[in-house]
Amino acid sequence: MNEFVQAPVAENVEHAISKIRNEDGGLEAGNVLRRFCEWAGEGACEQVCQLSVETTTSGEVAAILAKKACADLNLVHAFNELGLEPKDVLVVGVTANNVGFVDQLDDYDKLTQNPHGWRELPGFNAFFAREGEVDAIGRRLADCADINIEFTDSEGNTVFGFEHGTRTDMFGSSAYAFEKGGKKMSFTEYALSEAIDHYGADPSSINIKLAAAIKGHNFTKHFNSREQMEEHLPGWYDDGFVKNVSNPDWRPGDPLVADDTWEADTRGMILRDIHEAMNALAIPGFNLSTEGIIDPGDSRGVHSSHQFADTYGESRDLYITYIK
């Protein structure tokens, strides 16, 4: 299928990332973000909506576009292309730094049923499920670090899930915002530790696939002061993950020039967090796969990216982890 980047996580689980366009600019899976049309303006939905002309009349197409419903139809199309039934998919809104589990869905507020069949839940940057509870966990992303995870629980059942690496849950080591057992840690270590405890998992069974992570040249910033830098990227500079590419000789204590360009190395930081978490939790190093990591910002519009917002609008792709 040309509409996706796909790869195995381990033996029983795969991940996929949809493409909004192909290399020639033609439509692939299309945008999956509902508010895209509001940002991009009149006529935008027609350009990124994967409508089925065989089953939809022109009047129905107009109604769908007027309701800005094409994003959900694109999700249905993507699920179908991957061989997934919408009713067997949970779509997670990556809107807060919580870790969730499908066997606790009844305890979570804001769980909704989409008319097209899938369940949807906002508020989690990591989520896990046993095989048989759902077939897939999806999320809508652009330019983020996407970590796919597969392991077995204490009874030998396959567990799968994801972590969403984003600026608001990634911190330098001096500013770690997560704690477990009295230890400050990264969100990656926290999420994996929570999953190990929840499922009684043997850490040696955990396999990790880093599928996407933006690089520094596509994640640039400007700061008026060191305080502003630390508020926006806490601890990044001290750990070597943000650098002044306009003035490489800049040192702490030097004045910050608002026009200087700083590159924030999200990919480097998420890899650091993954390696440190694996070491801390006794996950074997060879259980990490980094082959084929994509940077949507380098995709020339094939994947949704803030780099192309002025041209295409703030769209999103489907990132999904699923049972083979």
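Reading guide: rules and limits
Residues numbered from 1 in each chain as written. Predicted model: local features only at pLDDT ≥ 70, side-chain atom pairs only at ≥ 80, totals over all residues. Heavy atoms only, no water. Pairing = 2+ DSSP bridges. Helix = DSSP H or I, 4+ residues; strand = E, 2+ residues; numbered from the N terminus. Core = buried A, V, L, I, M, F, W, Y, C linked by side-chain atoms within 4.5 Å. Buried < 20%, exposed > 50% of the residue type's maximum accessible area, 1.4 Å probe, protein only. Expected span 1.5 Å × (residues − 1). Phe/Tyr/Trp six-rings, centres within 6.5 Å; stacked < 30°, edge-to-face > 60°.

Student: Mind showing me how you'd approach the sheet that holds strand E15 (residues 242-244) here?
Tutor: The strands that make up a sheet are held in pairs by hydrogen bonds between backbone atoms, and each pair lies either parallel or antiparallel. If you walk across this open sheet you meet the three strands as E14-E16-E15, and the pairing is antiparallel. One side of each edge strand has no neighbouring strand; the edge strands of this open sheet are strand E14 (220-221) and E15. In this sheet, strand E16 (residues 262-264) lies alongside E14 in antiparallel orientation, the contact comprising two bridges. In the strand pairing of E16, Lys221 is matched with Trp262.

Student: Could you clarify how one ought to interpret the nonpolar core in this entry?
Tutor: The tendency in soluble globular proteins is for nonpolar side chains to be buried as a group. Of all hydrophobic cores here, the largest spans 72 residues; its most connected members are Phe127, Phe128, Phe151 and Trp236. It is helix H5 (residues 187-199) that provides the largest number of residues to this core, a total of seven residues. Judged by nonpolar contacts, the second largest core, of 16 residues, contains Val32, Phe79, Trp118 and Ile320.

Student: I keep staring at unusual backbone geometry and nothing clicks. Help me out?
Tutor: One can expect most non-glycine residues to show negative phi and most peptide bonds to be in trans. Of note, the phi angle at Lys110 is positive, near 70°, even though the residue is not glycine. Position of Lys110 among the secondary structure elements: in the loop between strand E4 (99-101) and strand E5 (112-113). The class for Lys110 is exposed, based on a relative accessible area of 64%.

Student: Just to check I follow, could you spell out H5 for this structure?
Tutor: Note that an α-helix has 3.6 residues per turn; residues three or four places apart therefore point the same way. Spanning 13 residues, H5 covers 18 Å between terminal C-alpha atoms, matching the ideal 18 Å at 1.5 Å per step. Of all 13 residues that make up H5, ten are buried, and the element is covered over most of its length. Just downstream of H5 lies Gly200, where phi reads positive at about 60°.

Student: Is there a simple way to think about the packing of aromatic side chains in this case?
Tutor: Each aromatic ring pair is specified by the distance between its two centres and by the angle formed by the two planes. For the structure shown, the criterion picks out 16 aromatic pairs. When the centroid spacing of 5.1 Å and the interplanar angle of 85° are considered together, the rings of Phe124 and Phe127 count as edge-to-face. By relative accessible area, which is 7% here, Phe124 ends up buried. Between the aromatic rings of Tyr237 and Trp262, the centroid separation amounts to 6.3 Å while the plane-to-plane angle is 75°, which identifies the pairing as edge-to-face. With Tyr237 in the loop between helix H6 (226-232) and E15 and Trp262 in strand E16, the pair connects residues that are 25 residues apart, well separated along the chain. Taking the relative accessible area as the measure of exposure, Tyr237 reaches 17% and is therefore buried. Clustering of aromatic rings is evident, with ring pairs tying together Phe101, Phe128, Phe151 and Tyr199.

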